[in-house]
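# Structural features, examined
Next come the chains, spelled out residue by residue.
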Amino acid sequence: ILLVSATLQNCRTLRRLSLNRHDLMYTMNENQVATLMKSLWNHPSLKELCIQGSSCREGGIHAIAQHLLGATSKLEKLDLSNHKFGLDRMEGMRSLSKALGTNTSLKSLSL
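So, here's what we can say about the structure. (Residues numbered from 1 in each chain as written. Predicted model: local features only at pLDDT ≥ 70, side-chain atom pairs only at ≥ 80, totals over all residues. Heavy atoms only, no water.)

### Observations concerning the environment of Cys 11
Put simply, the test is: Each helix is a run of DSSP H or I of at least 4 residues and each strand a run of E of at least 2, with the numbering of both proceeding from the N terminus.
Within the secondary structure layout, Cys 11 lies in the loop between helix H1 (2-10) and strand S1 (16-18). Through-space distance from the C-alpha of Cys 11 to that of Leu 40 is 9.8 Å; in sequence the pair is 29 residues apart.

Structural data, given as structure tokens:
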């Protein structure tokens, strides 16, 4: 995860990242998801992120909210569809809702 994160952080021209139903997302723990999301924080060109069909846990959802949907985000499209958002992920969903309240760049959100 550290190598992937470092690569993403240094790839300043990346506009779209898709991790749809990727084995990596299914096997990552919350800390690893957070590390990956931190590497994308304030990315200068990332406009679309698709993490479709993952089983992201509460900490992963919180990391997405904290690092990708903040007031300085440039992200325009976020696809979290086909996630298993359950009652055990409510805190993460609260973080996501709060971040959406301050975000000014997001134009499309799929849940």
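### Here we look at the nonpolar core
The criterion, for reference: Definition of nonpolar core: a set of buried residues of the types Ala, Val, Leu, Ile, Met, Phe, Trp, Tyr and Cys, connected through side-chain atoms within 4.5 Å. Each residue's exposure class comes from its accessible area (1.4 Å probe, protein chains only) as a fraction of the maximum for that residue type: buried when under 20%, exposed when over 50%, partly exposed otherwise. The contact criterion used is simple: two residues touch if any of their non-hydrogen atoms lie within 4.5 Å.
Leu 17, Met 37 and Leu 49 are the most contacted members of the largest nonpolar core, which has 24 residues in total. Elements supplying a minimum of two residues to this core: helix H3 (30-40), helix H4 (58-68) and helix H5 (90-102). Among all residues touching Met 37, those that are not within four sequence positions of it are Leu 49, Ile 51, Ala 63, Ile 64, His 67 and Leu 68.

### Some points on H5
How we decide: By this rule, a helix spans an expected 1.5 Å times one less than how many residues it contains. In this context, the arc is that of the directions from the helix axis out to the C-beta atoms.
Between its first and last C-alpha, H5 extends 19 Å over 13 residues, near the 18 Å set by a 1.5 Å rise per residue. Within H5, burial applies to Gly 92, Met 93, Ser 95, Leu 96 and Ala 99. In an axial view of H5, the angular spread of the buried residues amounts to 155°, which keeps them on one side of the axis. Across from the buried face of H5, at angles greater than 90 degrees, the exposed residues are Arg 94, Lys 98 and Gly 101.

### Digging into the pattern of salt bridges
Applied cut-off: Salt bridge, as used here: a side-chain nitrogen of Lys or Arg that lies within 4 Å of a carboxyl oxygen of Asp or Glu.
A full pass over the atoms with the stated rule returns 2 salt bridges. The shortest N-O distance in the salt bridge between Arg 16 and Glu 48 comes to 3.0 Å. Taken as a pair, Arg 16 in strand S1 and Glu 48 in strand S2 (residues 48-50) lie far apart in primary sequence, 32 residues in all. Residue classification places Arg 16 among the partly exposed positions, given a relative accessible area of 47%. As a salt-bridge pair, Lys 107 and Glu 76 come within 3.9 Å of each other at their nearest N and O atoms. With Lys 107 in the loop between H5 and strand S4 (108-110) and Glu 76 in the loop between H4 and strand S3 (77-79), this residue pair connects regions lying 31 residues apart in the sequence.

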